[in-house]
Amino acid sequence: MFLVGLTGGIATGKSTVAAIFREYGIPVIDADKIARKVVEPGKPAWRKIRSEFGTDIFLDTNEIDRTKLGDLIFNDVEKRKKLNAITHPDIYKEIYWQTFKYLLQGHQFIVMDLPLLFETGHMLNYLHKIIVVTCEEDLQLQRLIERTGFTETKAQLRIAAQMSLDKKAELANFVIENSGSECDTREQTIKVINVLKASRHHWKLRFFVGFCCTVLFAGVYWLKNRSPRSLPSTA
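Model, not experiment: these values are computed from the prediction.

Lay out the nonpolar core with the relevant residues and their values.
One finds Ile 49, Ile 64, Ile 95, Met 112 and Leu 114 to be the most contacted residues of the largest nonpolar core, which totals 32 residues. Secondary-structure elements contributing two or more residues to this core are helix H2 (31-38), helix H3 (44-53), helix H4 (66-74), helix H5 (77-104), strand S3 (109-113), helix H6 (117-120) and strand S4 (129-134). No other element matches the five residues that H5 contributes to this core. Setting aside its immediate chain neighbours within four residues, Met 112 contacts Leu 3, Val 4, Gly 5, Leu 6, Ile 29, Ile 95, Thr 99, Met 123 and Leu 127.

See the structure below:
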């Protein structure tokens, strides 16, 4: 099994592309969903955030007010680092666990939806291919405003805080342009899926894993069954 990274800019349409992969039976690990899961009320990360940032960023339901927390860390690098130090270990632990489960299920490849893939750089060394979803800048701004209710100035600042789409596209193996119709995006995504399905990279990995397992089991078998007479005498 090999890993494919899916990323892009905020409000470029990664979720639309991820949904198409799922339609074709390809597992998608959604880092955003995991990030929400690890900070649910009562979870260890939730308790640490409450202790570090206080109760002002929590709703009456005890859930984190993501807008308030976002505003708090967006303008303060040190607070953003503290939040990442709290949440990232639990997020990546869950990502690794889900990856392992899909490996056991025998999938050819899986997609990891990682919005800040290039910004953090954490998973880059594990990915065989990277897909970047882009769109026109004015459309990205419009989508973000409609989705979040941000003012134009606030939305522009959030977009500017991420690596530029042009730079991400340069680092990608595949670029899906999501400025047109849903049909056009679907066609581009299906083409990428077909290329990935035609890859034989997973067989190399399976051979390597199989070889390692064979060596391991052979070593265990040899240690278990070697004759006591072959051991050096202590007399």
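There is more to say after this.
Please set out the sheet that holds strand S2 (residues 28-30) residue by residue, giving values where relevant.
With parallel pairing, the five strands of this open sheet are ordered in space as S2-S3-S1-S4-S5. Of all strands in the sheet, those with a lone pairing partner are S2 and strand S5 (174-177), marking the two edges. Averaged over all pairs of adjacent strands, the angle between strand axes in this sheet comes to 20°, irrespective of strand direction. Along the sheet, helix H1 (residues 14-23) contacts strand S1 (2-8), S2, S3, S4 and S5; its crossing angle with S1, the most-contacted strand, is approximately 150°.

Outline the packing of aromatic side chains, supporting the account with residue identities and numerical values.
Enumeration over the complete set of coordinates arrives at four aromatic pairs. The ring of Phe 58 has Arg 50 lying over it, and the distance from NZ or CZ to the ring centre is 4.8 Å. Between Arg 158 and the ring centre of Phe 74, over which it is positioned, the NZ or CZ distance is 4.7 Å.

Hey, could you go over a negative patch on the surface for me, with residue numbers and the actual values?
On the surface, Glu 136, Glu 137, Asp 138, Asp 166, Glu 170, Glu 177, Asp 184 and Glu 187 cluster together into a negatively charged patch. Elements with a contribution of two residues or more to the negative patch: helix H7 (137-148), helix H9 (165-170) and helix H10 (182-198). Relative to the elements of secondary structure, Glu 187 occurs in helix H10.

Parameters and conventions
- Residues numbered from 1 in each chain as written.
- Predicted model: local features only at pLDDT ≥ 70, side-chain atom pairs only at ≥ 80, totals over all residues.
- Heavy atoms only, no water.
- Core = buried A, V, L, I, M, F, W, Y, C linked by side-chain atoms within 4.5 Å.
- Buried < 20%, exposed > 50% of the residue type's maximum accessible area, 1.4 Å probe, protein only.
- Helix = DSSP H or I, 4+ residues; strand = E, 2+ residues; numbered from the N terminus.
- Contact = heavy atoms within 4.5 Å.
- Pairing = 2+ DSSP bridges.
- Axes fitted to C-alpha atoms, helices over the stretch in contact; angles between N-to-C directions.
- Phe/Tyr/Trp six-rings, centres within 6.5 Å; stacked < 30°, edge-to-face > 60°.
- Lys NZ or Arg CZ within 6 Å of the ring centre and 35° of its normal.
- Patch = residues over 30% accessible without salt bridge, like charges linked within 9 Å, V, L, I, M, F, W, Y side chains within 5 Å.
- Areas by Shrake-Rupley, 256 points an atom, 1.4 Å probe, with all protein chains shown as cover.
- Salt bridge = Lys/Arg side-chain N within 4 Å of Asp/Glu carboxyl O.
- Lys, Arg positive; Asp, Glu negative; His and termini not counted.
- Charge placed at Lys NZ, Arg CZ, Asp CG, Glu CD.

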